[in-house]
Amino acid sequence: MIGGKVENLDNGYKDIISLKNFRNPGKLEYHSGQKIFDNASIFINTSNPFGDGFPNTYIECWLRGIPTISLGFDPDGIIATNNLGYVEKNVEQMADKIVHLFSNYNVYKDFYNNSKNYYKKHHSIELMTNGFLEKIKLLN
């Protein structure tokens, strides 16, 4: 798990962080986080829909074709609508989906392809740069 201090954990999270293979390096420099994304197979998001904005980590994962499993946070229904992964209500459901993805190559491959395509269509550097340049032209 990457991020800041984890506080006020419910029992589901406490079960996860007590696992012997769980690691939390805390907050990381940008380049260190990128290396972890480069080696990831699934992205688990526990952002709070009532306090967090749109997670840039979604974009980092979709760039790489990494399927997303989110704990109830799906801004504008992007994950569900575009078949980029799963949005679940609790940690147990998330665990089931992890097993499901690693047990079903074709499902994983579909999420991978959908994530890469969604990134290219909505968040690619070329797309963002062109949009930025168009806005600059409007200002002149």
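As a reminder, the structure under discussion sits directly above these lines.
A quick note: this is a predicted structure, and the numbers were derived from the prediction, not measured.

## Brief notes about the sheet that holds strand β3 (residues 85-88)
Read across the open sheet, the 3 strands follow the order β1-β2-β3; overall the sheet is parallel. If you trace the sheet from one side to the other, it starts and ends with β1 (43-45) and β3, each paired once. The mean inter-strand angle of the sheet, taken between neighbouring strand axes irrespective of direction, is 10°. Bridging between strand β2 (residues 68-71) and β3 involves 4 bridges; their strand directions are parallel. In the sheet register, Ile69 faces β3, and the bridge partner there is Tyr86. Against the sheet, helix α5 (residues 91-103) touches β1, β2 and β3, its axis set at about 170° to β2.

## Let's talk about the pairing of β2
Burial along β2 is two-sided: the face carrying Thr68 and Ser70 and the face carrying Ile69 and Leu71 are both buried. Pairing of β1 with β2, which is carried by 3 bridges, proceeds in the parallel orientation. Looking at β2, one finds that Phe43 is bridged to Thr68. This β-α-β element, β1 to helix α3 (residues 56-64) to β2, shows right-handed connectivity.

## Section: α3
An α-helix turns once every 3.6 residues. As a result, residues three or four positions apart point the same way. Those residues of α3 lying buried are Tyr58, Glu60, Cys61, Trp62 and Arg64. In this structure, the buried side of α3 is in contact with α2 (30-39), β1, β2, α4 (78-81) and α6 (105-122). Looking one or two residues beyond α3, the residue adopting positive phi is Gly65, at roughly 75°.

## Re the packing of α2 against α3
Between α2 and α3, whose axes approach to 10 Å, the crossing angle comes to 45°. Taken as axis vectors, α2 and α3 run oblique relative to one another. As for how α2 packs across α3, the hand of that crossing is right-handed. Contact residues: α2 offers Tyr30, Gln34, Phe37 and Asp38, while α3 offers Thr57, Glu60, Cys61 and Arg64. Of the residues contributing to the contact of α2 with α3, the split by class is 3 nonpolar, 2 polar and 3 charged.

## Remarks on a nonpolar patch on the surface
A surface patch of nonpolar side chains, about 280 Å² in accessible area, is lined by Phe132, Leu133 and Ile136. Mapped onto the elements, Phe132 comes out in helix α7 (residues 125-139). On the accessibility criterion, Phe132 (53% relative accessible area) is exposed.

## Overview of the side chain of Glu88
Residue position: Glu88 is located in strand β3. Despite being buried, Glu88 has no salt bridge partner; Lys97 is the closest side chain of opposite charge, sitting 4.2 Å away. Glu88 has contacts with Ser70, Leu71, Gly72, Gln93, Met94 and Lys97, leaving out every residue within four places of it along the chain.

Definitions and limits used
- Residues numbered from 1 in each chain as written.
- Predicted model: local features only at pLDDT ≥ 70, side-chain atom pairs only at ≥ 80, totals over all residues.
- Heavy atoms only, no water.
- Pairing = 2+ DSSP bridges.
- Helix = DSSP H or I, 4+ residues; strand = E, 2+ residues; numbered from the N terminus.
- Axes fitted to C-alpha atoms, helices over the stretch in contact; angles between N-to-C directions.
- Contact = heavy atoms within 4.5 Å.
- Buried < 20%, exposed > 50% of the residue type's maximum accessible area, 1.4 Å probe, protein only.
- Right-handed = clockwise from strand over helix to strand, strands pointing away.
- Parallel < 35°, antiparallel > 145°, perpendicular 65-115°, else oblique.
- Left-handed = near helix turned anticlockwise from the far one by under 90°.
- Nonpolar A, V, L, I, M, F, W, Y, C, P; charged D, E, K, R; others polar.
- Patch = residues over 30% accessible without salt bridge, like charges linked within 9 Å, V, L, I, M, F, W, Y side chains within 5 Å.
- Areas by Shrake-Rupley, 256 points an atom, 1.4 Å probe, with all protein chains shown as cover.
- Salt bridge = Lys/Arg side-chain N within 4 Å of Asp/Glu carboxyl O.
- Lys, Arg positive; Asp, Glu negative; His and termini not counted.

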